[in-house]
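# Architecture at a glance
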Amino acid sequence: MAKAPIVEEAPEFDEIEGLPLPREQTTLYGHELAETELLDAYRSQRFHHAWILGGPKGIGKATLAFRFARFILEHPDRFSTPVMAANSLYVPPESHSAPMIAAGSHADLLHLRRPWDLKGKRFKRDLPVDEVRKTTSFFGSTAAGGNWRICIVDSADDMNQSAANALLKILEEPPKQSLFLLLSHNPGRLLPTIRSRCRKLSLRKLGEPLIEQALSELGCALPGQPDALHTLADGSLRQAALAVNGGALEIAQEFTILAETIADLDMIRAHSFADKVAARGAEDSWNTFLELSRTFLSEQLRKDANAKPDALVRWADLWEKMGRAASVADALNLDRKQVVLSFLIDLRAASTC
C-alpha cells in the first residue's frame, strides 16, 4: 500500500526559535505613547479605518498591531465601560479572543504576509496581489462575532505594484466596521495614495536597557559583553533576539574577522561563512549578512569621505554591485553563496587598491 505523501509544514515568517510570535506575545516592550494613541482613537467619536504603524524593523510594530486587534475583538463596543476605563490595550491570555489570535485561527482577523515558496524553500520576494485579494472574501463575509474585521498587512513594504493597487482599492471604499493595520519599515516609500488614506503612527527604536530587560524576560541568555549585541541590534528587539538565539551574533563576529583580514582572505573560511548565511531557508542569516555588508560599506564611505575620489568610487561601485547581485539572486532564486563569495573577493580587491 502506497504511503501518503508527507506534507511539509511552512515555517512562520516571523519565527525565532524559542520565542513567541508577535500574535502570541502579550507583553509590549516600550511604545507606551503609541499604545495610548491607539486606545484613545478607538474610543473617540471618529475612529480612522486604516493606520500605518511605521518604524525600524523588529521594534514591535507587529506585536502592537496584534495587541490592538486582540483588544478590539475582545471589546467590539468602542464606548463600553471596559473600553472607556482601560489604561492600556492589554487583554489577558485566557480571554475569549486571545487563544484564537495566538493560534492564527480567529475568523475576524486576516494576516497578510509574504508566502512561503515550497519549491524554493524560502519566502517569496514580495507580497503578491493574490494575497491581498484575500481581503475580498474576508470582508465579503459576515464577521464571526458580528462586529469588527481586522486586516494586518505585514509588511506593506513587501507589496508589489499590483498588490498595492489592490489594497488601495479597498482602502478607498472600506467595508463597515473594518480596520486595516499596515506595518511599514519605510512609510515614505509607500504609494502616496495609500499614505493619504491612512493615519500614521511612528514607533521609535528601543533603548538598550529595555532590550536587555525584554531578552531576559523572554529567556534569552545575554552575552557577557553586550556592546556587540547592541551594535548589531541597533534598537531592534527582533535583531537582538536573533543575535542571541538565531546565530546572528556569531555571523557578525565571523564577518568582522573576514573583513579585518580581507587582504589575506582565507577562502576556506570564506566558503564556510557563505555556506552558513546562504543556506536554503536561512532567511534571517541572509538578511543579517546583507545588513552587515551595507553597514561595513557605509563606514568605509564615511571614513574615506575626504580621501581621493577614486577610493569613494570603489566603495560606491561595490555597494551598487552588491545590492544588484542580492536583488537578482532573490528575484530569480539563484545561488546566494556566489553572491557572498563575490562580495568578499571584490572587497579584497577594493581594500588593497
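For the structure itself, consult the block above.
Attention here is on the structure that accompanies the text. Source: prediction; values computed, not measured.

What counts and how
- Residues numbered from 1 in each chain as written.
- Predicted model: local features only at pLDDT ≥ 70, side-chain atom pairs only at ≥ 80, totals over all residues.
- Heavy atoms only, no water.
- Helix = DSSP H or I, 4+ residues; strand = E, 2+ residues; numbered from the N terminus.
- Rg over C-alpha atoms; globule rule 2.2 N^0.38 Å.
- Buried < 20%, exposed > 50% of the residue type's maximum accessible area, 1.4 Å probe, protein only.
- Contact = heavy atoms within 4.5 Å.
- Areas by Shrake-Rupley, 256 points an atom, 1.4 Å probe, with all protein chains shown as cover.
- Lys, Arg positive; Asp, Glu negative; His and termini not counted.
- Charge placed at Lys NZ, Arg CZ, Asp CG, Glu CD.
- Pairing = 2+ DSSP bridges.
- Patch = residues over 30% accessible without salt bridge, like charges linked within 9 Å, V, L, I, M, F, W, Y side chains within 5 Å.
- Salt bridge = Lys/Arg side-chain N within 4 Å of Asp/Glu carboxyl O.
- Axes fitted to C-alpha atoms, helices over the stretch in contact; angles between N-to-C directions.

A few words on the overall build of the protein chain. Across its full length, the protein chain holds 16 helices and seven strands. Taken against the 2.2 N^0.38 rule, which gives 20 Å for 353 residues, the C-alpha radius of gyration of the protein chain at 22 Å falls within 12% of a compact globule. Viewed in the frame of its principal axes, the protein chain has a C-alpha envelope of about 70 × 55 × 45 Å. Considering the protein chain as a whole, with its 353 residues, one finds that 47% of them fall into the buried category. Considering only contacts within the protein chain whose residues lie at least 6 apart along the sequence, 73% involve residues at least 24 apart. Summed over all atoms, the accessible surface of the protein chain reaches about 18,200 Å², with 51% contributed by carbon and sulfur. Measuring between centres, the 42 positive side-chain charges of the protein chain sit 6 Å from its 46 negative side-chain charges.

For G120, the position within the fold is in the loop between β3 (116–117) and β4 (122–123). Note on G120: relative accessible area 1%, which makes it buried. For G120 and R280, which are 160 residues apart along the polypeptide, the C-alpha to C-alpha distance reads 7.9 Å.

This part is about the pairing of strand β5 (residues 149–154). Taken across its six residues, β5 has six buried, putting it largely inside the fold. For strand β2 (residues 109–112) and β5, the ladder comprises four bridges, and the chain directions are parallel. By the bridge assignment for β5, L110 is matched with C151. Sheet topology places β5 next to strand β6 (residues 178–184); six bridges connect them, and they run parallel.

Turning our eyes to something else, we now look at a negative patch on the surface. Residues E9, E15, E17 and E24 make up a contiguous surface patch of negative charge. Position of E9 among the secondary structure elements: in the segment before α1 (32–42). The class for E9 is exposed, based on a relative accessible area of 72%.

Glycine aside, negative phi is the norm for most residues, and most peptide bonds take the trans geometry. Cis geometry is adopted by the peptide bond preceding S155, which originates at D154 and carries an omega value of 0°. Checked against the element boundaries, S155 lands in the loop between β5 and α7 (161–172). Notably, H31 is not glycine yet its phi reads approximately 65°, a positive angle. Relative to the helices and strands, H31 is located in the segment before α1. Residue Q177 is not a glycine yet carries a positive backbone phi of 50°. Among the structural elements, Q177 can be located in the loop between α7 and β6.

Another aspect to go through is the side chain of R238. Locating R238 in the fold gives a position in helix α11 (residues 237–245). Exposure remark for R238: the relative accessible area of 16% places this residue in the buried category. Non-local contacts of R238, meaning those with residues more than four positions away in its chain, are made with F13, D14, I16, K57, G58 and D284.

Before going further, it helps to spend a moment on the pattern of salt bridges. Scanning the model with the defined rule gives 17 salt bridges in all. Salt-bridge contacts for E172 lead to R197; the nearest nitrogen and oxygen are separated by 3.5 Å. Residue E172 is located in helix α7, and its partner R197 is located in the loop between α8 (192–195) and β7 (199–202); the two are separated by 25 residues in the primary sequence. Classification of R197 as partly exposed rests on a relative accessible area of 27%. Where K205 meets D234, a salt bridge forms, and the shortest distance between an N and an O atom there is 3.0 Å. Here K205 is found in the loop between β7 and α9 (208–217), whereas its partner D234 is found in the loop between α10 (227–233) and α11, with 29 residues between them in sequence. Residue classification places D234 among the partly exposed positions, given a relative accessible area of 45%. Residues joined by salt bridges that share partners form a network here, namely E12, R23 and R113.

The topology assignment puts L332 in helix α15 (residues 309–332). We classify L332 as exposed; its relative accessible area is 56%. Each C-alpha atom of the pair L332 and R125 lies 9.4 Å from the other, and the pair is 207 residues apart in sequence.

Quick look at the sheet that holds strand β1 (residues 50–54) now. On the basis of which strands lie adjacent, the open sheet formed by five strands has the order β2-β5-β6-β1-β7 and parallel pairing. Every interior strand has two partners, whereas the edge strands, β2 and β7, have only one. Neighbour to neighbour, the strand axes of the sheet diverge by 15° on average, direction disregarded. In this structure, β1 lies alongside β7, joined through four bridges in parallel fashion. Opposite G54, over in β7, you have S202 as the bridge partner. Of the strands in this sheet, β1 and β7 touch α1, which is tilted by about 155° from β7.

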